[in-house]
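Residues per chain, in single letters:
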Amino acid sequence: MTGNVKSLLIPKIQMKHPQSKPNIYGALMIVLVSALTALNNSITHGLPKDINTMQVVFFKSIVGLFILVFLNIRTLNKLYKTNIIQWHAFKGLMGMLGNITWVIALRHIPIATASGLSMTSALFTALGGWLIFKEPFKKTVLWCLFTGFIGALIIINLNGNLFTIYTLFPLASAFAFSASSLTIKRLAKNDSSRTTLFYLLLFMSLFSIPATVINWVTLNYAEILTLCIIGVFFALSQLCLIQAYTYAEASFISSFKYIRFPMNILAGLLFFSEVPGFSTVLGGVMIISASAYLVAFDKTRKRKK
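Quick look at the structure, then. Just so it is clear, the model here is predicted, and its values are computed rather than measured.

1. Section: a nonpolar patch on the surface
- A cluster of nonpolar side chains, L39, L266, L269, L270, F271 and V275, forms an exposed patch at the surface whose accessible area comes to about 600 Å².
- By residue number, the principal contributor to the nonpolar patch is helix 14 (residues 260-272), which donates 4 residues.
- Topologically, L266 is positioned in helix 14.

2. What about the packing of helix 2 (residues 22-45) against helix 5 (residues 85-106)?
- Axis separation between helix 2 and helix 5 bottoms out at 8 Å; the angle between their running directions is 65°. Comparing their axes, helix 5 and helix 2 come out roughly perpendicular. At the point where helix 2 passes helix 5, the crossing takes the right-handed sense. Within the contact between the two elements, helix 2 uses N41, T44 and H45 and helix 5 uses W102, V103 and L106.
- Of the residues that constitute the contact of helix 2 with helix 5, the class distribution is 3 nonpolar, 3 polar and no charged.

3. Structural notes on the packing of aromatic side chains
- Applying the stated criterion across every chain yields a total of 10 aromatic pairs.
- Their ring planes at 85° and their centres at 6.1 Å tell us that F58 and F59 sit as a pair that is edge-to-face. An identical accessibility class is assigned to F58 and F59; each is buried.
- Judged by centre distance (5.6 Å) and plane angle (90°), the ring pair of F124 and F175 falls under edge-to-face. Pair noted here: F124 is in helix 7 (residues 121-133) and F175 is in helix 9 (residues 169-182), with a separation of 51 residues, a long-range link.
- Using a relative accessible area of 18% as the deciding quantity, one classes F124 as buried.
- Above the face of the F234 ring, K60 is positioned so that its terminal group lies 4.9 Å from the ring centre.

4. Considerations on the environment of C228
- As for its placement among the helices and strands, C228 is situated in helix 12 (residues 221-247).
- C228 gets classed as partly exposed once you look at its relative accessible area, which sits at 26%.
- Taking the C-alpha atoms as reference points, C228 and F59, 169 residues apart in sequence, are found 6.2 Å from one another.
- The residues touching C228, leaving out its near neighbours within four places in the chain, are F59 and V63.

5. Some words on unusual backbone geometry
- Within the chain, S273 stands out as a residue other than glycine whose phi angle is a positive 55°.
- Summarising the element assignment, S273 is placed in the loop between helix 14 and helix 15 (278-304).

6. Structural notes on the nonpolar core
- With 33 residues, the main nonpolar core has V56, L68, L197 and L227 as its most contacted residues.
- When residues in this core are grouped by element, the largest group, 11 residues, is from helix 3 (residues 53-71).
- In this structure, A152, I155, I156 and I288 belong to the second largest nonpolar core, which totals 12 residues.

7. Quick notes on helix 9
- Taking 1.5 Å of rise per residue, the 14 residues of helix 9 would be expected to cover 20 Å, and the 20 Å separating its terminal C-alpha atoms lies within 8% of that figure.
- Within the span of helix 9, buried status applies to P170, L171, S173, A174, A176, S178, A179, S180 and L182.
- Lining the buried residues of helix 9 we find helix 5, helix 6 (111-118), helix 7, helix 8 (139-156) and helix 10 (184-187).

8. Focus on the side chain of E274
- Along the chain, the position of E274 falls in the loop between helix 14 and helix 15.
- Here E274 sits buried without a salt bridge, and the closest side chain of opposite charge, K49, lies 9.0 Å off (N-O distance).
- Within polar-contact distance, the side chain of E274 engages the side chain of H45 at 2.6 Å.

9. Quick word on the packing of helix 3 against helix 12
- At a minimum axis separation of 7 Å, helix 3 and helix 12 run at an interaxial angle of 55°. By the angle between their directions, the pair helix 3 and helix 12 is classed as oblique. With respect to the hand of their crossing, helix 3 and helix 12 are arranged in right-handed fashion. From helix 3, Q55, V56, F59, K60, V63, G64, I67, L68 and L71 reach across to helix 12, where they touch I224, L227, C228, I230, G231, V232, F234, A235 and L239.
- Of the residues belonging to the contact of helix 3 with helix 12, the class tally is 14 nonpolar, 3 polar and 1 charged.

How each quantity is defined
Residues numbered from 1 in each chain as written. Predicted model: local features only at pLDDT ≥ 70, side-chain atom pairs only at ≥ 80, totals over all residues. Heavy atoms only, no water. Patch = residues over 30% accessible without salt bridge, like charges linked within 9 Å, V, L, I, M, F, W, Y side chains within 5 Å. Areas by Shrake-Rupley, 256 points an atom, 1.4 Å probe, with all protein chains shown as cover. Salt bridge = Lys/Arg side-chain N within 4 Å of Asp/Glu carboxyl O. Helix = DSSP H or I, 4+ residues; strand = E, 2+ residues; numbered from the N terminus. Axes fitted to C-alpha atoms, helices over the stretch in contact; angles between N-to-C directions. Parallel < 35°, antiparallel > 145°, perpendicular 65-115°, else oblique. Left-handed = near helix turned anticlockwise from the far one by under 90°. Contact = heavy atoms within 4.5 Å. Nonpolar A, V, L, I, M, F, W, Y, C, P; charged D, E, K, R; others polar. Phe/Tyr/Trp six-rings, centres within 6.5 Å; stacked < 30°, edge-to-face > 60°. Buried < 20%, exposed > 50% of the residue type's maximum accessible area, 1.4 Å probe, protein only. Lys NZ or Arg CZ within 6 Å of the ring centre and 35° of its normal. Core = buried A, V, L, I, M, F, W, Y, C linked by side-chain atoms within 4.5 Å. Expected span 1.5 Å × (residues − 1). Lys, Arg positive; Asp, Glu negative; His and termini not counted. Polar contact = N/O pair within 3.5 Å; in protein donor to acceptor, adjacent residues only side chain to side chain.

Right under this line is the structure:
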């Protein structure tokens, strides 16, 4: 019975991946992650304004945690085994802050605008790698960061009629998510990706409880179901991401993650009739170009080691 339910939650992800073409399988998983994320962003974007943001984050993390525990119930002792709980706690805190600012952004600005600005996380991660881990930092990398952040300023359009304070929230979210991502370098040395995901969801849930309780708003059944769906989609996207990087070469699938930008544009257009402005598209392309070059530079650097 348990196996049947699991197969419904993750439709043959492990059983049918093409062993002979792992990179293609990984790329498909990344595309699926982008689709799930775009759907989740659309659902969040359309939530009633009276639902508190902390409730969204709490349901998103706790439902995801329940799904992950259920799928790993037979190996639960391996799932929570770690010797670096403090790093997991920090990652969970940054993950919670990133999700709070992301949800706030999605509920106040167009999906395409939020999505374009969120891609600056790669720029923050590159900057953090240089400042914290003393990674090589050539002039070309500096120009990439400059180009990417200029792209962000073009999207924000400080002097434009559409600018609001909420336009800055995707940047705050990107910064928090990049801080969370930088911990992977330490976590990956000791723990599996599923253990890292377990503690991410666990600490996100724990850290969000106080503010959720204080700001609790009574929900009807439809709203509870909607928040649970957000949690399910979030968990599935994270599990698909693990699948992608487990079976495929990171260097091959890294470029496929940029498909999330056009997918989010399409979602905003289909579900909310949001037509992105020229500045959003131009800024997004500049950020993607800068991020793609940083990925290529990192691959070259690692190949020379």
